[in-house]
Amino acid sequence: MECDGQQQDLQLGTAASDGVPVIGRTPDEDRIFSHLKDDTRELLDNETENAQKEKRNKKKPKTRGRKKNPQLTAASCLDSLLAEQSFAKTEIRKFGISTAQKSLKKKRKRTLGAESEDDAGKKKKKPQRPNYFVSIPITNPKIVRGIEAIQAVIIQKDHRFSKAMIPAGTLHITLLVTYLGNEEVNMAVCAMTEMKDTLLDILQKKDLVLPFHGIGHFRSEVAFVQMAEGEHVTTLTKIAETLKKRFEEKGILVTDSKAFKPHLTFMKLSRAPKLRSQGIKKLDPKLYENIEHHKFGEETVARLDLCSMQKKKQPNGYYHCETSIDFGEKHVAEPDDAELVSLSKRLVENAVLKAVQQYLEETQLNKNRHAGVSPSKTEENLNDAEHRK
């Protein structure tokens with residue numbers, strides 16, 4: 001009720017201040033009401049200001065001490081301190097590697113690490129350089145002498161080609177070229193051992209004779225003796241294809257993807273790389289123009305060799321062979337009865353002569369012992385007797 005009365009008084013005072021006469025009030029009462037109005041307004045303003053301050057304090061509570069940035073770390077603080085120093089822009093090198101290089105390497109590592117396994121699997125591996133080959137060695141002396149004669153003629157015309165010549169002891173026909181690791185060498189040996197019967201079936205118990213006639217070249221960089229056309233080429237091609245197929249079944253990659261063309265190489269410019277710097281990039285056909293249709297002879301295939309390009313060569317100059325398939329053992333003529341009887345007689349005669357000689361030597365030694373002759377003189381006498389014979 002008191003509040004209602006005060007509100008009525010305030011309303012009356014407001015009306016009086018606006019110039020509206022109030023009925024039943026004296027001038028002194030008007031002054032009192034005017035002072036009450038001013039005090040009331042001041043009190044309301046103070047309360048409003050306090051309420052606003054309390055709201056602001058609730059929104060932004062006061063914190064004691066220095067404000068902390070939660071995002072700052074020890075590393076960032078250290079970087080900010082270093083940035084304020086005079087040497088901030090200089091590169092710090094440790095063991096010859098600058099900090100800028102280190103950061104660049106780290107970025108590269110992160111980039112590489114982001115690649116997926118699928119992307120890494122799509123990258124092709126570089127093929128290994130061939131280090132093994134399967135070949136047919138040239139054993140016919142006539143063919144070897146003919147090739148040596150051609151090489152001598154070419155060297156006589158230009159001695160710089162001497163280092164481009166294939167040594168006569170390594171002449172061969174290549175059937176297959178591949179790369180073999182340590183474990184793959186054993187796999188290749190097993191593959192060749194297993195396919196011997198298959199290759200014998202291809203030969204059909206016949207000799208494989210390869211005739212060589214004429215000279216050819218590959219891009220005027222490799223000179224070779226050509227193989228004459230005939231059924232032997234078809235048979236040799238089947239053998240080469242069988243080798244390739246069996247190697248691939250064993251998981252061995254055959255690096256030579258070109259079509260098989262049997263040939264007998266005797267000269268290669270790649271063996272003498274200095275020739276290119278001397279202006280010799282191609283072979284001139286005039287080097288062998290008078291003998292380009294020469295008949296070199298025939299080679300009867302006796303075996304296939306798995307040869308290494310890098311291992312030490314054999315004493316006879318031929319390549320190191322891991323294994324061989326021998327075709328000649330079934331084609332050698334068996335000795336007849338007369339030869340066997342003659343051989344047996346010679347063996348018996350030699351055995352009898354040795355027994356008689358040993359008996360005579362022992363008898364002579366016994367006689368000398370009884371006569372007091374030293375064994376050394378006895379041996380000298382025996383040696384003199386043998387020389388006189």
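Being a predicted model, the structure only gives us computed values, none of them experimental. (Residues numbered from 1 in each chain as written. Predicted model: local features only at pLDDT ≥ 70, side-chain atom pairs only at ≥ 80, totals over all residues. Heavy atoms only, no water.)

Visitor: Would you mind showing me how to read the overall build of the chain here?
Guide: On a plain count of helices and strands, the chain comes out with twelve helices and ten strands. Residue burial in the chain is summarised as follows: out of 389 residues, 25% are buried. Considering only intrachain contacts with a sequence separation of at least 6, the fraction spanning at least 24 residues in the chain is 76%. Roughly 29,500 Å² of accessible area belongs to the chain as shown, and the carbon and sulfur atoms make up 52% of that amount. (Helix = DSSP H or I, 4+ residues; strand = E, 2+ residues; numbered from the N terminus. Buried < 20%, exposed > 50% of the residue type's maximum accessible area, 1.4 Å probe, protein only. Contact = heavy atoms within 4.5 Å. Areas by Shrake-Rupley, 256 points an atom, 1.4 Å probe, with all protein chains shown as cover.)

Visitor: Looking at this structure, I do not really get the packing of aromatic side chains. What am I missing?
Guide: Geometrically, a pair of aromatic rings is defined through the distance of the ring centres and the angle of the planes. Using the criterion set out here, one finds three aromatic pairs in the structure. Ring geometry for Phe218 against Phe224: centres 4.5 Å apart, planes inclined by 35°, an arrangement best described as tilted. Seen from their ring centres, Tyr318 and Tyr319 are 5.7 Å apart, and the 75° between their planes marks the pair as edge-to-face. This pair shows no difference in class: Tyr318 is buried, exactly as Tyr319 is. Here the aromatic cluster, defined as three or more aromatic residues joined through ring pairs, consists of Phe133, Tyr318 and Tyr319. (Phe/Tyr/Trp six-rings, centres within 6.5 Å; stacked < 30°, edge-to-face > 60°.)

Visitor: What exactly am I supposed to notice about the layout of surface pockets here?
Guide: A probe as big as a water molecule, rolled over the atoms, marks out the empty space that is left. Of the voids in this model, the largest pocket is the one considered here, and its volume is about 1,800 Å³. If you trace the largest pocket, you find 43 residues lining it, with Thr174, Val177, Asp256, His263 and Lys268 closest to the centre. Tallying contributions element by element places strand S4 (residues 172–178) first for the lining of the largest pocket, with five residues. Residue composition of the lining of the largest pocket, by class: 21 nonpolar, nine polar and 13 charged. Approximately 250 Å³ is the volume found for the second largest pocket. Listed by contribution, the elements that provide at least two residues to the lining of the second largest pocket are helix H8 (196–203) and helix H9 (231–249). (1 Å grid on protein atoms, 1.4 Å probe; cavity = no way out; pocket = protein on both sides within 12 Å on 5 of 7 lines; lining within 4 Å. Points joined across faces, edges and corners; volume = space filled by probe spheres on them. Nonpolar A, V, L, I, M, F, W, Y, C, P; charged D, E, K, R; others polar.)

Visitor: Before we go on, may I ask you to explain helix H7 (residues 182–194) in this structure?
Guide: Three or four residues apart is the spacing at which side chains of an α-helix point the same way, because the helix has 3.6 residues per turn. For H7, which comprises 13 residues, the first-to-last C-alpha distance of 19 Å matches the rise-based estimate of 18 Å (1.5 Å per residue) to within 8%. Buried within H7 we find Val185, Ala188, Ala191 and Met192. One face of H7 carries all of its buried residues, which in axial projection span an arc of 125°. Residues of H7 that are exposed and point more than 90 degrees away from the buried face comprise Asn182, Glu183, Asn186 and Thr193. Check the buried side of H7 and you find it contacts strand S3 (132–137), H8, H9, strand S9 (303–308) and strand S10 (320–326). (Expected span 1.5 Å × (residues − 1). Arc of directions from axis to C-beta.)

Visitor: Whenever I open this one, a negative patch on the surface confuses me. Can you help?
Guide: Together, Asp38, Asp39, Glu42 and Asp45 line one region of the surface with negative charge. Looking at the element boundaries, Asp45 is found in helix H2 (residues 27–59). (Patch = residues over 30% accessible without salt bridge, like charges linked within 9 Å, V, L, I, M, F, W, Y side chains within 5 Å. Salt bridge = Lys/Arg side-chain N within 4 Å of Asp/Glu carboxyl O. Lys, Arg positive; Asp, Glu negative; His and termini not counted. Charge placed at Lys NZ, Arg CZ, Asp CG, Glu CD.)

Visitor: Would you mind going over unusual backbone geometry with me for this structure?
Guide: Outside of glycine, negative phi angles account for most residues, and trans bonds account for most peptide bonds. For Gln204, which is not glycine, the phi dihedral falls at a positive 55°. The topology assignment puts Gln204 in the loop between H8 and strand S5 (209–218). Phi is positive for Arg219, which is not a glycine, with a value near 50°. Relative to the helices and strands, Arg219 resides in the loop between S5 and strand S6 (222–227). A relative accessible area of 62% means that Arg219 is categorised as exposed.

Visitor: So what exactly am I meant to see when it comes to the sheet that holds S6 here?
Guide: Neighbouring strands of a sheet are bound in pairs by backbone hydrogen bonds; such pairs are parallel or else antiparallel. The strand order across the open sheet formed by four strands is S7-S6-S5-S8, and the pairing between neighbours is antiparallel. Strands at the two margins of the open sheet, each flanked by one partner only, are strand S7 (263–268) and strand S8 (295–300). Mean inter-strand twist for the sheet, computed between neighbouring axes without regard to direction, equals 35°. Its contacts with the sheet place helix H6 (residues 141–157) against S5, S6, S7 and S8, and it is angled at close to 145° to S8. Against the sheet, H9 touches S5 and S6, its axis set at about 85° to S5. (Pairing = 2+ DSSP bridges. Axes fitted to C-alpha atoms, helices over the stretch in contact; angles between N-to-C directions.)

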